[in-house]
Amino acid sequence: MYPLHREREQPIFSCRAHVFQIDPATKRNWIPVSKHAVTVSFFYDANRNVYRIISVGGTKAIINSTITPNMAFTKTSQKFGQWADSRANTVYGLGFASEQQLHQFSERFKEVREAARLAREKSQDKFELSNPGLNIAAPQLSQMSQDLSEDLQSPPVMCINGPGEDKLYRSQSADIELSSEKERLKKMLSEGSICEMNWEAELFTLQDSNTKLVAALHEANANVEQWKKQLAAYQDETERLREQVAELEDQGGRHVGTDIGKDELSQSLEELESLLKAKDEEIQMLQSKKSDYHELEQEREEAIHRLQELEARNAELERRVQNAEQTLASSLEERDRAENELHRIIDILDVKIFDLNDLRQSLAKLIDK
């Protein structure tokens, strides 16, 4: 089914990013879908006039999200963004290599969302033109929905009617306090979730940088060891040639071709010495680079320390959220107890009012007699 869609769809924009999905159990933690950066593309289906975001990992589609006008792409950090797909009942997250790539994806998302909105309005206009009866009934439906929303939004007032005309109204202060407590708790939960998402994205970036640094250090150490072995071999070769030159100088004049061999050996010796100097320069350059790698290692340790501090702050936020939840639970229990006490008082008042009414009627009968 998926390849057939790809045949009739045209790619609009492509980039590479690490793909995440929100944990369906907690709705707070990110789950990496791809082990490395994959291609994420915008596609346009001309037959159905819809836009989709598609990413394939191996033979499996890890992102298949149809863009609607109600969707919004949110930047949660310098290199991480997310959007919610209500049809797939999930939240997708993308980690980019640079802030520029994140900005390009965000701008293209806005353009495609606007195009999807225009396409939906165009299709709705065509549908309304083909069904004029719906346009006549639309004002009536909107008026009914407005009346219904006004009824639902009207504040509830509880009252108890006695046998007379007096009424007892219940105060709404407890409900207002409970609603404000709920709003504060929701705000704390959302802030903690956003901070945790940013920290997870930063942790992923730091882990990637750490892997690259470790690989570069291993490669540099291997090259240094190899060049040291080559330098030792060149030094041995130089010593051997020097000994040969000394022997030839001692045997000078014994053979006719000695001078020619001596010149050749001298030239070879000079070439080896120049090569030795070049290798010395390379070793010095590698040693300077190795100091740069030590600096990078220190930066990585600082980043890990900062990440540990962020994790500690995250634990503190979770503790505060738990305390707020416990406070909310105790507030709910106190509210339930207050409601039960109020109902008991109301029942007692009903009985007293009924008794007073009977007493008033009895007194009236006595006065008439």
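Attention in this report is confined to the structure presented alongside it. From a predicted model like this one, the values you see are computed outputs, not experimental measurements.

Applying the stated criterion across every chain, the model contains 13 salt bridges. Between glutamate 121 and arginine 117 there is a salt bridge, with the nearest N and O atoms lying 2.6 Å from each other. Placement of both glutamate 121 and arginine 117 in helix α2 (residues 99-130) is noted, with a separation of four residues, approximately one turn of the helix. Residue classification places arginine 117 among the partly exposed positions, given a relative accessible area of 30%. Across the pair glutamate 237 and arginine 240 runs a salt bridge, and its minimum N-O distance is 2.2 Å. With glutamate 237 and arginine 240 both in helix α4 (residues 173-250), this residue pair falls three residues apart, about one helical turn. Judged by relative accessible area, glutamate 237 falls into the partly exposed class, the value being 29%.

Quick look at the side chain of serine 55 now. Inspection of the secondary structure assignment puts serine 55 in strand β4 (residues 50-57). Residues within four places of serine 55 in sequence aside, it is in contact with Val19, Val38, Thr39, Val40, Lys60, Ala61, Ile62 and Ile63.

Attention shifts here to the nonpolar core. Judged by nonpolar contacts, the single largest core of 23 residues is most densely connected at Phe42, Ile53, Ile63, Trp83, Leu94, Phe105 and Phe109. Where this core is concerned, the elements lending two or more residues are β1 (9-22), β3 (38-45), β4, β5 (60-66), β8 (90-95) and α2. Counting residues per element, this core draws most heavily on α2, which supplies five residues.

Glancing now at the environment of valine 33. For valine 33, the position within the fold is in the loop between β2 (30-32) and β3. A relative accessible area of 33% means that valine 33 is categorised as partly exposed. Distance from valine 33 to glycine 93, taken between C-alpha atoms, is 9.7 Å for residues 60 residues apart in sequence. Residues contacting valine 33, with those up to four places away along its chain left out, are Val19, Phe20, Gln21 and Ile62.

Before going further, it helps to examine the packing of aromatic side chains. The geometry of an aromatic ring pair comes down to the distance between the two centres and the angle between the two planes. Considering all chains together, one arrives at 14 aromatic pairs under this definition. Connected via pairs of aromatic rings, a cluster forms that spans Phe13, Phe42, Phe73, Trp83, Tyr92, Phe96, Phe105 and Phe109.

Further remarks concern unusual backbone geometry. One non-glycine residue, lysine 27, adopts positive backbone phi at about 60 degrees. Structurally, the position occupied by lysine 27 is in the loop between β1 and β2.

A contiguous nonpolar surface patch, about 550 Å² in accessible area, is contributed by Leu356, Leu359, Leu363, Leu366 and Ile367. As for its placement among the helices and strands, leucine 366 is situated in helix α5 (residues 258-368).

All right, on to the pairing of strand β7 (residues 80-85) then. The buried fraction of β7 is high, at five of six residues. Looking at chain direction, strand β6 (residues 74-75) and β7 are connected through two bridges and run antiparallel. Bridged to lysine 75 within β7 is glycine 81. The hairpin formed by β7 and β8 contains four residues between the paired strands, and asparagine 89 there has a positive phi angle of roughly 55 degrees.

The next point concerns the side chain of threonine 66. For threonine 66, the location among the structural elements is in strand β5. Once residues within four sequence positions are removed from consideration, threonine 66 is found in contact with Tyr51, Arg52, Met71, Asp85 and Arg87.

Another point: the pairing of β3. Most of β3 sits out of view: six of its eight residues are buried. For β3 and β4, the ladder comprises six bridges, and the chain directions are antiparallel. Bridge pairing in β4 links phenylalanine 42 to isoleucine 53.

Parameters at a glance
Residues numbered from 1 in each chain as written. Predicted model: local features only at pLDDT ≥ 70, side-chain atom pairs only at ≥ 80, totals over all residues. Heavy atoms only, no water. Salt bridge = Lys/Arg side-chain N within 4 Å of Asp/Glu carboxyl O. Helix = DSSP H or I, 4+ residues; strand = E, 2+ residues; numbered from the N terminus. Buried < 20%, exposed > 50% of the residue type's maximum accessible area, 1.4 Å probe, protein only. Contact = heavy atoms within 4.5 Å. Core = buried A, V, L, I, M, F, W, Y, C linked by side-chain atoms within 4.5 Å. Phe/Tyr/Trp six-rings, centres within 6.5 Å; stacked < 30°, edge-to-face > 60°. Patch = residues over 30% accessible without salt bridge, like charges linked within 9 Å, V, L, I, M, F, W, Y side chains within 5 Å. Areas by Shrake-Rupley, 256 points an atom, 1.4 Å probe, with all protein chains shown as cover. Pairing = 2+ DSSP bridges.

The analysis is restricted to geometry; functional conclusions fall outside its scope.
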